Structure formats: structure tokens, C-alpha cells
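Each chain is listed here by its residues.
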Amino acid sequence: MTHEHPLVGGMDPRYAPVRIGDTVRRSAGTERRAVTELLLHLEAVGFDGAPRHLGFDEQGREILTWIDDDVPLPPYPGWAMTDPALADLGALLRRLHDATATFQSSTADWSTQWADPLGGPVICHNDLFPENVVFREGRVVALIDFAMAGPGRPLWDLAIAAELWGPLGDPGRRDQHPPELDGIARFGVLARAYGLGPERASEFIDVLVEERAHSRANILAEIADGNPSWTRDWTAAGGDERAAIDDAWIRHNRLPLIRSAGG
């Protein structure tokens, strides 16, 4: 066995995957049967934007293919935040949802913490941070880390992407994204690339607000349980005050966001 290289970018270093050669190994016991079946389904239907499941090693760790090229880490570089890259992400997300619409799992062993509480007709990735998106020559080519995947409404995933990639919120408090990004305009770039009909723009905003409230409740629960990663990162990002200001920005810009998405 070749040398193990720890991979950065996750919230909990205890479960950080490692790279060995052209494979990624995830900690034993962290894999979910439903996700394994999902990755096998994506391979079977020809979806090329996800790692392949290769089985388990002698330590019981899940083995996945390594997808080469670049993954942006915060603070996010300009090359990862271009409008063409965002359009790539929207198109890839639509292909993922289309590919999962025919998926039938034999188990309900999904992570539910960050997933759409209403469920839905597709499998959402649910963890669309830029750190989980692979770039090649400045263009988006794949998604990685499907550990949080689960059934949901397509707009749930699209809302996560819009919030994290716009980004959506008070530009004056932006700390991980290039300051010149126009979150309102980029909201429309993502919606159009995904193929969202303009008649659904208002619904898109509603799901975004719902997803933000759900995520905030989960973060506060993690902090209450003593999770040091969330406690550190939530405080560094401005905590409840930052969340309230960003919520207000979204409410104030509801109509411009709807118009940007074509509604």
C-alpha cells in the first residue's frame, strides 16, 4: 500500500478521507449502503460527474476513485467563481437529478440531518460547498463527497448551491468569496443553467428560505452538542447576527432575485 495523504476540507477531521494512489478511502463505518447503491447506479446510467465505488479495503474503509484536478478551498479563488463555472455547476446538478430520478434504493439508510425534510423525487447531494466540486481547466466536471446525499426536491439542492456560490447575503460581510461577485445576477445564471422555468422563480426563493432555516437549526443543534468544528466556524462567520443580516438581505432582494431567475 502506498502512502496515505489526508484530504482537507471536511468539517470533522476525525472522519477525514485519505488518498492512496488513485483512490480515496473513507473511514470504516462512515459509509451508507444507500450512497453505495447510488454511486453504482450513477455509474450504470453513465453519469460521469461522480466518483466510482470500488468496494472496501482490508481496514473496512470504502474505496472510491480519485477524480484528478482542482478543488477550491476557502477563501475561494476567482477562477472557481466565474459565471461559466457556475453555469457548469447548474447543468451538472440538473444531470445528477435526472440520473437519480430512476434510482430505487433497497434501503432508507440515508443521512437525514441536512437533507430535505419533505423528501422528494430525486437524490440531492446536500453538501454543495465549493470544496466538493472538481474543476478541470477552470470548468466544473464532477461532484465529490456524497455522504450527505438523500431524497429531496430538486429545488432543495439548487437552493444550497445558490446560497453557497452566489453567494447570497450582505456583500459587506462577505469573507470567503471574491468581493466583486453579484449574487443577484449569479442567482439567475444558476437557475437558467439548471433549466428552471421562470414560473418557478418565486418557489425557488421560498425553498431557499426554508433550507436556510433548516440548516441554521441543525448548526445550532451541533453547537449545543459540543461540536467544536461548528462552534468555531459559526462564531468566525458571525453567528446568529450574520445569519439574521443575510436573511434580511434575501427578503429585501426577493423581487430582484426573482427577476434574475426570469420570473
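In case you missed it, the structure is sitting above this.
Described in the following lines is the structure provided in the data block. Keep in mind it's a predicted model, so treat the numbers as computed, not measured.

**Focus on the overall build of the protein chain**
Moving on, step 1. Assigned secondary structure in the protein chain consists of eight helices and nine strands.
Moving on, step 2. With the principal axes as the frame, the protein chain shows a C-alpha extent of 55 × 40 × 35 Å.
Moving on, step 3. Within the protein chain, the proportion of its 263 residues that are buried is 49%.
Moving on, step 4. Taking all contacts inside the protein chain whose residues are at least 6 apart in sequence as the whole, residues at least 24 apart take part in 73%.
Moving on, step 5. When the accessible area of the protein chain is evaluated, it comes to approximately 12300 Å², of which 54% is carbon and sulfur surface.
Moving on, step 6. Side-chain charges of the protein chain comprise 25 positive and 40 negative groups, with the mean position of each set lying 3 Å from the other.

**Overview of the side chain of Ser-111**
Moving on, step 1. Take Ser-111: it is sitting in the loop between helix 2 (83–100) and strand 6 (122–124).
Moving on, step 2. Judged by its relative accessible area of 8%, Ser-111 falls in the buried class.
Moving on, step 3. In this structure, Ser-111 is in contact with Arg-32, Ala-147, Met-148 and Ala-149, ignoring residues within four places of it in sequence.

**Observations regarding the packing of aromatic side chains**
Moving on, step 1. As enumerated under the stated definition, the model contains five aromatic pairs in all.
Moving on, step 2. Seen from their ring centres, Trp-79 and Phe-135 are 5.2 Å apart, and the 85 degrees between their planes marks the pair as edge-to-face. In this pair, Trp-79 is assigned in the loop between strand 5 (62–65) and helix 2 and Phe-135 in strand 7 (residues 133–136), connecting sequence segments 56 residues apart.
Moving on, step 3. Residue class for Trp-79 comes out partly exposed when judged on its relative accessible area of 38%.
Moving on, step 4. The class of Phe-135 is buried, set by a relative accessible area of 0%.
Moving on, step 5. Geometrically, the ring pair formed by Phe-187 and Phe-204 is stacked, given 4.4 Å between the ring centres and 20 degrees between the ring planes. With Phe-187 in helix 4 (residues 183–194) and Phe-204 in helix 5 (residues 201–224), this pair connects stretches of sequence that are 17 residues apart.

**Digging into the packing of helix 1 (residues 33–44) against helix 2**
Moving on, step 1. For the pair helix 1 and helix 2, interaxial distance at closest approach is 10 Å and the crossing angle is 100 degrees. In terms of orientation, helix 1 lies roughly perpendicular with respect to helix 2. Note on element contacts: helix 2 touches helix 1 through Leu-96, Ala-99 and Thr-100, opposite Leu-38, His-41 and Leu-42.
Moving on, step 2. When grouped by side-chain class, the residues that make up the contact of helix 1 with helix 2 number four nonpolar, two polar and no charged.

**What about the side chain of Thr-36?**
Moving on, step 1. Following the sequence through the fold, Thr-36 ends up in helix 1.
Moving on, step 2. Dropping the residues within four chain positions of it, Thr-36 is found in contact with His-53 and Glu-62.

**Observations concerning the nonpolar core**
Moving on, step 1. Formed by 59 residues in total, the largest nonpolar core has its most connected members in Leu-42, Phe-146 and Phe-204.
Moving on, step 2. Filtering out sequence-adjacent residues up to four positions away, Phe-204 remains in contact with Leu-155, Leu-158, Ala-159, Ala-162, Phe-187, Ala-191 and Leu-196.
Moving on, step 3. Within the second largest apolar cluster, five residues are counted, among which are Ile-219, Trp-230, Trp-234 and Ala-243.

**Quick word on the pattern of salt bridges**
Moving on, step 1. All chains considered together, the criterion is met by 23 salt bridges.
Moving on, step 2. For Arg-200, the salt bridge goes to Glu-203, with nearest N and O atoms at 3.1 Å.
Moving on, step 3. Note on Glu-203: relative accessible area 35%, which makes it partly exposed.
Moving on, step 4. Here the residues in one salt-bridge network are Glu-4, Arg-25, Asp-57 and Arg-61, joined through shared partners.

**Describing empty space enclosed by the protein**
Leftover empty space is mapped by rolling, across the atoms, a probe with the size of a water molecule.
Moving on, step 1. Under the defined criterion, the tally for this structure stands at one cavity of 30 Å³ or more.
Moving on, step 2. Taken as a whole, the largest cavity holds about 100 Å³ of empty space.
Moving on, step 3. Arg-26, Thr-30, Glu-31, Arg-32, Val-35, Leu-39, Pro-51, Glu-62, Leu-64, Asp-145, Phe-146 and Ala-147 are the residues that line the largest cavity.
Moving on, step 4. Listed by contribution, the elements that provide at least two residues to the lining of the largest cavity are helix 1 and strand 5.
Moving on, step 5. Across the lining of the largest cavity, the residue classes tally to six nonpolar, one polar and five charged.

**Overview of the environment of Thr-2**
Moving on, step 1. Summarising the element assignment, Thr-2 is placed in the segment before strand 1 (5–6).
Moving on, step 2. Sequence separation between Thr-2 and Asp-68 is 66 residues, and the spatial gap between their C-alpha atoms is 17 Å.
Moving on, step 3. Each residue touching Thr-2, except ones within four places of it in the same chain, is listed here: Ile-20 and Gly-21.

Rules used in this analysis
Residues numbered from 1 in each chain as written. Predicted model: local features only at pLDDT ≥ 70, side-chain atom pairs only at ≥ 80, totals over all residues. Heavy atoms only, no water. Helix = DSSP H or I, 4+ residues; strand = E, 2+ residues; numbered from the N terminus. Buried < 20%, exposed > 50% of the residue type's maximum accessible area, 1.4 Å probe, protein only. Contact = heavy atoms within 4.5 Å. Areas by Shrake-Rupley, 256 points an atom, 1.4 Å probe, with all protein chains shown as cover. Lys, Arg positive; Asp, Glu negative; His and termini not counted. Charge placed at Lys NZ, Arg CZ, Asp CG, Glu CD. Phe/Tyr/Trp six-rings, centres within 6.5 Å; stacked < 30°, edge-to-face > 60°. Axes fitted to C-alpha atoms, helices over the stretch in contact; angles between N-to-C directions. Parallel < 35°, antiparallel > 145°, perpendicular 65-115°, else oblique. Nonpolar A, V, L, I, M, F, W, Y, C, P; charged D, E, K, R; others polar. Core = buried A, V, L, I, M, F, W, Y, C linked by side-chain atoms within 4.5 Å. Salt bridge = Lys/Arg side-chain N within 4 Å of Asp/Glu carboxyl O. 1 Å grid on protein atoms, 1.4 Å probe; cavity = no way out; pocket = protein on both sides within 12 Å on 5 of 7 lines; lining within 4 Å. Points joined across faces, edges and corners; volume = space filled by probe spheres on them.

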